[in-house]
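Summary of the model geometry
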Amino acid sequence: MPPTEHVLVLALMLFCVGAVGVLVRRNIIFILLSLEFMMNACAMAFIAAGAKWGQPDGQVMFMLILAIAASEVAVALGIVIQMARRFRTLDVDSVSELRE
Amino acid sequence: MTALILFYVAGFVTLASAILAITRTNASHALIYMVVALLAIAVIFFLLGSPFAAALQIVVYAGAIVVLFLFVVMMLNLGKSSVARERALLTRGIWTVPTLLALVLFAVVVFALVSGDHESGAQARMIEPKEVGIALYTKYVLAVELAGVLLLAALVGAYHLGRRYLLDRREEEESS
C-alpha cells in the first residue's frame, strides 16, 4: 500500500490544481470543473486516512462527499443554464449585477 | 513495491490530466481530460484498499456528474459553430493525449489485477463494502438522512432553476 503521507501530498497537489483553476479561469464551466477536482482531493484524503487506520469511516465520508458533489453540480448547472439564457455569456465577471 | 510504482503512475496521470483539464479552452476537451483524471483517482482508491469507493467513483463521478456537465455544454453550444467544433473534436491531436493517459491507467489496473500484489503491504487491508454498509447504517444513519434531505433540496432547486418560465416572465417585463 502506498504510504499515507504520499497520498496526502498527492491530494494536496490535486486540491491546489483545483484552487488555481477556480482563481484563474473566468468561464463558469471551468470553475465548476475545478471545484469537482477540489472535492475529489478531499475525498482522496478521507480514503487515505480510512485506509491508514483500517476503518470504513473514510469511505462513509467519501459517500457523503459524493452526495454533496452531486447536489452541488445539479444546482450549479441549473444556474449556468439560467446565466446562459439571460446574459448570453458564461463569463462570471460579466454577471456581477448585484453590485450595481 | 509494485503497488507503490502503480500509485505513482496513477498519481502522475491524475495530476497531468487535471492540469490539462483546467488549461483547456474548449469545455468538451476539458471534460475528456476530467474523465481520465477521475478514473485515475478511482485506481488510487483501489490501490488504497477501498474497492467500493473506486466503483462508486467511476459510477457516480465519471458516469453521472461528467455526463451532466456534458449535457449542459452540449445544450449551450447549440449554434452554427457547433458543427465545426464537433469536426475539430475528431482531429488526431485532440484525442491522442487523453487516450494515451487512459491506456497508461488501463495498463496499471491490468498489472495490479494480474500480479495480485496490491494488498501485500504490512498494514494493507481491503475494507469490504459490507463493513462500509454496516458503518453507514448504524453510526452514520443521521448523516445518511441529512444527505437524503440535501439531495431532495438539490432536486427541487435544480428543477426550479432549469424551468424556462423564469426567462419568459423577464422578457415580458422588458417588452411591456
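In case you missed it, the structure is sitting above this.
What comes next concerns the included structure. (Residues numbered from 1 in each chain as written. Chains lettered and ligands numbered in written order. Predicted model: local features only at pLDDT ≥ 70, side-chain atom pairs only at ≥ 80, totals over all residues. Heavy atoms only, no water.)

**Looking at the overall build of chain B**
Our working rule: Going along the chain from the N terminus, every DSSP run of H or I of four or more residues is numbered as a helix, and every run of E of two or more is numbered as a strand. Exposure categories follow from relative accessible area, calculated using a 1.4 Å probe and restricted to protein chains: below 20% of the type maximum is buried, above 50% is exposed, and the middle band is partly exposed. Contacts: residue pairs with any heavy atoms within 4.5 Å of one another. Note on areas: Shrake-Rupley with a 1.4 Å probe; residue coverage comes only from the protein chains shown.
In terms of regular secondary structure, chain B is built from 8 helices and 0 strands. A burial count over chain B gives 36% of its 176 residues as buried. Contacts in chain B between residues at least 24 apart in sequence constitute 66% of all its contacts with a sequence separation of at least 6. Accessible area for chain B stands at about 10,000 Å²; split by element, carbon and sulfur atoms hold 71% of it.

**Re the overall build of chain A**
What counts is decided by this rule: Radius of gyration means the value over C-alpha atoms here, while the globule rule gives 2.2 Å times the residue count to the 0.38 power.
Across its full length, chain A holds 3 helices and 0 strands. Starting at the N terminus and walking to the C terminus, you meet the elements of chain A as α-α-α. Relative to the compact-globule value of 13 Å for 100 residues, chain A shows a C-alpha radius of gyration of 17 Å, a clear excess of over 25%. With the C-alpha coordinates aligned to their principal axes, the bounding extent of chain A is approximately 50 × 25 × 20 Å. For chain A, with 100 residues in total, the buried portion stands at 53%.

**Some remarks on the interface of chain A and chain B**
Here is the rule we go by: Summed over both partners, the accessible area (1.4 Å probe) lost when two parts come together is defined as the buried area. Basic side-chain nitrogens of Lys or Arg form a salt bridge, by our definition, when they fall within 4 Å of a carboxyl oxygen of Asp or Glu.
Counting residues at the interface gives 57 residues for chain A, matched by 65 residues for chain B. Summed over both sides, the interface between chain A and chain B buries roughly 5,600 Å², with carbon and sulfur atoms accounting for 77% of that surface. It is M1(A), Q59(A) and R85(A) in chain A that bury the most area against chain B; as a group they hold 12% of the surface buried on that side. Where chain A packs against chain B, one counts 1 salt bridge. For D57(A), the salt bridge is made with K139(B), and the minimal N-O distance between the two is 2.9 Å.

**A short note on the side chain of N26(B)**
All names here are of chain B. To be explicit about the condition: Two N or O atoms form a polar contact when they lie within 3.5 Å of each other; inside protein one atom must be a possible hydrogen donor and the other a possible acceptor, and for residues adjacent in sequence the pair counts only when both atoms belong to side chains.
Secondary-structure assignment places N26 in the loop between helix 1 (2–23) and helix 2 (27–47). Looking at N26, the relative accessible area reads 15%, which means it is buried. A polar side-chain atom of N26 sits 2.9 Å from a polar atom in the side chain of S28.

**Describing the environment of R163(B)**
Following the sequence through the fold, R163(B) ends up in the loop between helix 7 (141–162) and helix 8 (165–175). Ignoring any residue separated from it by four or fewer positions in sequence, one finds R163(B) in contact with Q82(A) and R85(A). Within the structure, the side chain of R163(B) is placed 3.0 Å from the side chain of H160(B), a separation counted as a polar contact.

**Comments concerning the nonpolar core**
What counts, and what does not: For the purposes of this section, nonpolar cores are sets of buried Ala, Val, Leu, Ile, Met, Phe, Trp, Tyr and Cys residues that join through side-chain atoms within 4.5 Å.
Residues L14(A), F37(A), M44(A), F62(A), F45(B) and F69(B) are the most contacted members of the largest nonpolar core, which totals 72 residues. Setting aside anything within four residues of it in sequence, one finds F69(B) in contact with I29(A), L32(A), L33(A), E36(A), V73(A), L77(A) and L31(B).

**A look at the packing of helix 3 (residues 57–87) of chain A against helix 6 (residues 129–138) of chain B**
Stated precisely, the cut-off is as follows: Helix axes use the C-alpha atoms of the stretch in contact, all axes being lines fitted to C-alpha atoms, and the angles between their N-to-C directions lie in the range 0 to 180 degrees. Angles are sorted into four bins: roughly parallel if under 35 degrees, roughly antiparallel if over 145, roughly perpendicular if 65 to 115, and oblique for all others. By definition, any crossing whose near helix is turned counterclockwise from its far helix by less than a right angle is left-handed, and any crossing with a clockwise turn is right-handed. Basically, the charged four are Asp, Glu, Lys and Arg, the nonpolar ten are Ala, Val, Leu, Ile, Met, Phe, Trp, Tyr, Cys and Pro, and anything else, Gly included, counts as polar.
At a minimum axis separation of 9 Å, helix 3 of chain A and helix 6 of chain B run at an interaxial angle of 70 degrees. Between helix 3 of chain A and helix 6 of chain B, the angle is such that the two are roughly perpendicular. The hand of the helix 3 of chain A/helix 6 of chain B crossing is right-handed. Every residue of helix 6 of chain B that contacts helix 3 of chain A at Q59(A), V60(A) and M63(A) is listed here: V132(B), A135(B) and L136(B). Broken down by class, the residue content of the contact of helix 3 of chain A with helix 6 of chain B amounts to 5 nonpolar, 1 polar and no charged.

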